[in-house]
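# Structural features, examined
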Amino acid sequence: MPKRRRRFGGGMPLESLYNKARVAVILSKLRKENMASYAMKSPTQQCTYSIAFEREPILIASRYRKFSRNLPQSPWTASDDIPKVPGNSVSEKLTKELVKETKCESTRFIASGREDIDVRMLGTGRPFALQLINPHLTAPFCGEKLQESLKRIEAEINSQRDIALGAPLRRISVKQAEMLTCTQDEKRKCYTAYCYSSERLDEKVLDELASKVPLEIVQKTPLENERILAEYEREQEAADKELEERLAELMDAMIQECEEHKKHIEHEFHNTDINSATFGTYPVNKKSLRRLETQAGTYVKEFVHGDFGRTRPSLADLLRIEHGEVDILHLDVENVCMEWPPESNFD
């Protein structure tokens, strides 16, 4: 039986197979005795290297408000066949002026969660930080020029129709930026949901609904998210398998001591408290307004329509609608409960 052809054949450069994360995983699994079994030898071919100097990144923090229901948080397209529209995302609209000012090589957008493309972000906005990597011009963001530069950029951002800042821009440290992700599971968020029921809503049922909060719900990962995660998991497993085959060719003795690195994505239940800010008076027809305060990680749309029974109880369950359905027409994020941005140490 002929030997199966390796997918990494054809003289593919070795460096194209690795990134920093994969090399770190391999090194973390090597044992001291395994590495000691190899003798160090001089290079058999000429080595080339380069030296590059970079400035420390600049981090700018604030909160953003989004007024459009057709604007994604990051560059996005509905299909691989449809090209992305340059500049049509929250992150690009926020970074545009900062890139001009600093001439940085690249940027990293860090936000406290994200909203769907058709969800507005209102109130004081969603906390975010922008990392400007290797900025070539730093003078505008130092000393007395800092506040002048930030106010000028604030005015440019707020002149746009579909986004605005909910707090002043501030320069922060790397440690302060880590607060966005470190406390992500502890935050609470307030929503306004515009709902529709296929059955007439009874006033008595709506009054009973107000008395049921706070309550605890159980949610599985939404079906759409589960499909995306499954595809990602398959791609990761395929990539890891190819990497293992290549390593087996190059370092047979070493790879025996290494375990295949796989990323496991668990589909867990989320136990969530939901508190009503106010239920007030609702129309007795088929449309109603719901204001919710939830723990971070709650899927609000799925709470409303139930996601084919994957959220219990759903709003339809609480309204005792057995032969109809409740769906969500529009959703707004009213508040992300977090003190942000932090005080700047660069003023």
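The notes below deal with the structure included here. This one's a predicted model, so the numbers in the text were calculated from it and none came from an experiment.

### A look at the pattern of salt bridges
- Following the criterion strictly, the structure yields 12 salt bridges and no others.
- Among the ionic pairs, D332 bridges to R69, the shortest N-O distance being 2.8 Å. Highlighted residues: D332 in strand β11 (residues 326-337) and R69 in the loop between β1 (58-66) and α3 (90-102), separated in sequence by 263 residues.
- For K301, the salt bridge is made with D118, and the minimal N-O distance between the two is 3.0 Å. Pair noted here: K301 is in helix α10 (residues 300-305) and D118 is in the loop between β2 (106-111) and β3 (120-133), with a separation of 183 residues, a long-range link.
- Here the salt bridges share partners, and the residues they tie into one network are K66, E115 and R126.

### A short note on the nonpolar core
- With 45 residues, the main nonpolar core has I60, L94, F128, F141, L315, L319 and V326 as its most contacted residues.
- The element contributing the most residues to this core is β11, with five residues.
- Each of domain 1 (58-183) and domain 2 (185-247 + 285-346) accounts for three or more of the residues forming this core.
- In this structure L319 touches L201, V205, L206, L209, R290 and V326, once residues within four positions along its chain are discounted.
- Ranked by size, the runner-up nonpolar core spans nine residues in total, among them L59, I110, M338 and W340.

### As for a nonpolar patch on the surface
- Together, Y49, I51 and F53 line one region of the surface with nonpolar side chains, adding up to about 510 Å² of accessible area.
- By the element assignment, F53 lies in the loop between α2 (32-36) and β1.
- Here F53 falls in the exposed class, since its relative accessible area comes to 77%.

### Some remarks on the pairing of β3
- The element β3 is largely enclosed, with a buried count of 10 among its 14 residues.
- By the bridge criterion, two bridges tie β3 to β11 in an arrangement that is parallel. Looking across to β11, one finds that R120 is bridged to D332.

### Regarding the side chain of S62
- Along the chain, the position of S62 falls in strand β1.
- For S62, a relative accessible area of 0% translates into the label buried.
- When near neighbours in sequence (up to four residues on either side) are disregarded, S62 contacts R126, P127, F128, L165, A167, P168, L169, W340 and P341.

Procedures and definitions
- Residues numbered from 1 in each chain as written.
- Predicted model: local features only at pLDDT ≥ 70, side-chain atom pairs only at ≥ 80, totals over all residues.
- Heavy atoms only, no water.
- Salt bridge = Lys/Arg side-chain N within 4 Å of Asp/Glu carboxyl O.
- Helix = DSSP H or I, 4+ residues; strand = E, 2+ residues; numbered from the N terminus.
- Core = buried A, V, L, I, M, F, W, Y, C linked by side-chain atoms within 4.5 Å.
- Buried < 20%, exposed > 50% of the residue type's maximum accessible area, 1.4 Å probe, protein only.
- Domains from an automatic or database assignment.
- Contact = heavy atoms within 4.5 Å.
- Patch = residues over 30% accessible without salt bridge, like charges linked within 9 Å, V, L, I, M, F, W, Y side chains within 5 Å.
- Areas by Shrake-Rupley, 256 points an atom, 1.4 Å probe, with all protein chains shown as cover.
- Pairing = 2+ DSSP bridges.

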